Amino acid sequence: MMKQMSFSDIYFKEHERYISETAVMNGKEYHSFISADYYSLNTHPAIKQAAIDAIQTYGTSLSVGQFSDRSPLIKQLEAQLCAVTNMAASCIFTSGYTANLGAISATSKIDNVFYLYDKLCHASIVSAIKSTNCGSEAFAHNDMEELATKLGTHQDKTIIVITEGLYSADGDFVDLPSIAALKERYKFLLYVDEAHSFVISNTQKNVAHIFDEVTAGSIDIISGSLSKALCSTGGFVVASTKMIDRIRMSREYIFSTGITPSNIAASVACLTLLSATDRHQKLAENIAYFRHKAKQNNIDLGMSNTISPIFTIFPNASCAELYQSLLDEGILVQPLLYPAVPKEHERLRVLINAAHETHQLDALINSVISKHHPHDNTEALELSE
Ligand SMILES: Cc1ncc(COP(=O)(O)O)c(C=O)c1O
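Cut-off values and rules
Residues numbered from 1 in each chain as written. Predicted model: local features only at pLDDT ≥ 70, side-chain atom pairs only at ≥ 80, totals over all residues. Pairing = 2+ DSSP bridges. Helix = DSSP H or I, 4+ residues; strand = E, 2+ residues; numbered from the N terminus. Axes fitted to C-alpha atoms, helices over the stretch in contact; angles between N-to-C directions. Contact = placed C-beta atoms within 7 Å. pLDDT = per-residue confidence, 0-100. Buried ≥ 20, exposed ≤ 12 C-beta atoms within 10 Å, placed from the backbone. Core = buried A, V, L, I, M, F, W, Y, C linked by C-beta atoms within 7 Å. Arc of directions from axis to C-beta. Right-handed = clockwise from strand over helix to strand, strands pointing away.

(A) View of the sheet that holds strand 12 (residues 334-336). Spatially, 3 strands are ordered 10-13-12 in an open sheet, and the strand pairing comes out antiparallel. Strands with a single pairing partner mark the edges of an open sheet, and in this sheet they are strand 10 (310-313) and strand 12. Pairwise comparison of adjacent strand axes, ignoring direction, gives a mean angle of 30 degrees for this sheet. One ladder, built from 3 bridges, connects strand 12 with strand 13 (residues 347-351); its direction is antiparallel. Looking at strand 13, one finds that Leu-336 is bridged to Arg-347. Packed onto the sheet, helix 12 (residues 319-328) meets strand 12 and strand 13 and runs at close to 40 degrees relative to strand 13.

In structure tokens, the structure reads:
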């Protein structure tokens, strides 16, 4: 019987270098499945050079808020974000978390606004909605019938529906075709947090492009993080010019100095590189291989579906123990433990990157098979808020 592990045994571990398809802790190299740098570009020479060049020209800090300091780099990144989404305007925040806080607080000034949000939305969205003091209701995860009922009930209000593009804890995509169909029947604005789905559908696009039947115009506001596929740190919002002008007036935007020039330059270089090369192919192959092998071995991946690089594994015994025994075998995954999720929904989260090699994916599958017999977990799982 393993000793009870504490929070600090599991989290806040010290890494001795960057984390990609491998990680190093206490001098030992691990197969790593915890990085959301899906295209494995964090250490790409062109991206590092762009960051270094930005420091040479602009220094290490933005020094003053974006309100007064509009460097060409910021404008370039904003233009690239608009090009990916085919939207008119964008703005950069210090994190994906504050992007949601700023954008949602800005929309709360819209007359008679009412939020309907998916129950599994990220904590930043839930906190932002609660802090507005506006009316709101959550709908069950991806439950379009419940959403339709709530839309019907609240048609006297200005409704904003908020979802994630790719749900970060479970790895399933928003049912965008159904929401787009509802949008033809009911009036509402659609806000999608694309922290994990941005440029994941192919190297240059957002979640709307995953679904053939959905037009890019069905989403009104997109928020996201620069810290996942865009290998930097920071957040962004993309929308109409009028909406972005409104969002730029949020306290989170005005009263905060922006991210560093090197962080902006890294994302600019990343988007430039992604638009010029097909790194999507290798990522897609790794995702398909892992999904196939897991299925072949009856490993239940929960709600993770289609081209999602986020996978979940539900242990039939202690999640912390399974995490530790994988670690002992040189495999690093992310445990999602109580109180972040309800006790009965504790799980391991596996993030697949373009740089993973087949033997690493096999090693993870083989270790999981040898350590536990996964139980069936096809019922919808709901995170506690
Ligand atoms: C869906 C979602 N939204 C927002 C965020 C916050 O982004 P950031 O880490 O840039 O603050 C995250 C971070 O994990 C996320 O998964």
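(B) Summary view of the confidence of the model for the protein. Per-chain confidence: the protein averages 91 in pLDDT, with 94% of residues scoring 70 or above. Low pLDDT, under 50, characterises residues 375-385; the stretch is placed with 20 contacts to residues that sit more than four places away or in other chains.

(C) Seen up close, unusual backbone geometry. Geometrically, the link from Tyr-338 to Pro-339 is a cis peptide bond, its omega value of 15 degrees lying close to zero. Relative to the assigned elements, Pro-339 resides in the loop between strand 12 and strand 13. One non-glycine residue, Asn-26, adopts positive backbone phi at about 50 degrees. Counting through the fold element by element, Asn-26 comes out in the loop between strand 1 (22-25) and strand 2 (28-32). Asn-26 gets classed as exposed once you count the C-beta atoms within 10 Å, which come to 8.

(D) Geometry of the nonpolar core. In this structure, Val-161, Phe-236, Val-237, Ala-265, Cys-270 and Val-350 are the most contacted members of the largest nonpolar core, which totals 112 residues. If one sorts the elements of this core by residue count, helix 10 (residues 261-276) sits on top with 8 residues. Apart from residues lying up to four places away in sequence, Val-161 is in contact with Leu-116, Ile-179, Phe-188, Leu-190 and Tyr-191.

(E) Seen up close, helix 12. Listing the buried residues of helix 12 in full gives Cys-319, Ala-320, Leu-322, Tyr-323 and Leu-326. For helix 12, the buried positions fall inside an angular range of 165 degrees around the axis, keeping them on one side. On its buried face, helix 12 sits against helix 1 (7-10), strand 11 (331-332), strand 12, strand 13 and helix 13 (358-371). At the C-terminal side of helix 12, Gly-330 shows a positive phi close to 85 degrees.

(F) Geometry of the pairing of strand 4 (residues 113-118). In terms of burial, strand 4 is a largely internal element, 5 of the 6 residues being buried. Relative to strand 6 (residues 158-164), strand 4 runs parallel, the two sharing 5 bridges. By the bridge assignment, Tyr-117 is partnered in strand 6 with Ile-162. Pairing of strand 4 with strand 5 (residues 135-139), which is carried by 5 bridges, proceeds in the parallel orientation. When the bridges of strand 5 are listed, Tyr-117 appears paired with Ala-138. One crossover worth recording links strand 4 to the parallel strand 5 by way of helix 5 (residues 123-132), and it is right-handed.

(G) View of the sheet that holds strand 11. If you trace the 3 strands from one edge of the open sheet to the other, you get 1-2-11, paired in mixed fashion. Each edge of the sheet is formed by a strand with only one pairing partner; in this case those strands are strand 1 and strand 11. Relative to strand 11, strand 2 runs parallel, the two sharing 2 bridges. Each residue of the ladder has a partner; that of His-31, found in strand 11, is Ile-331.

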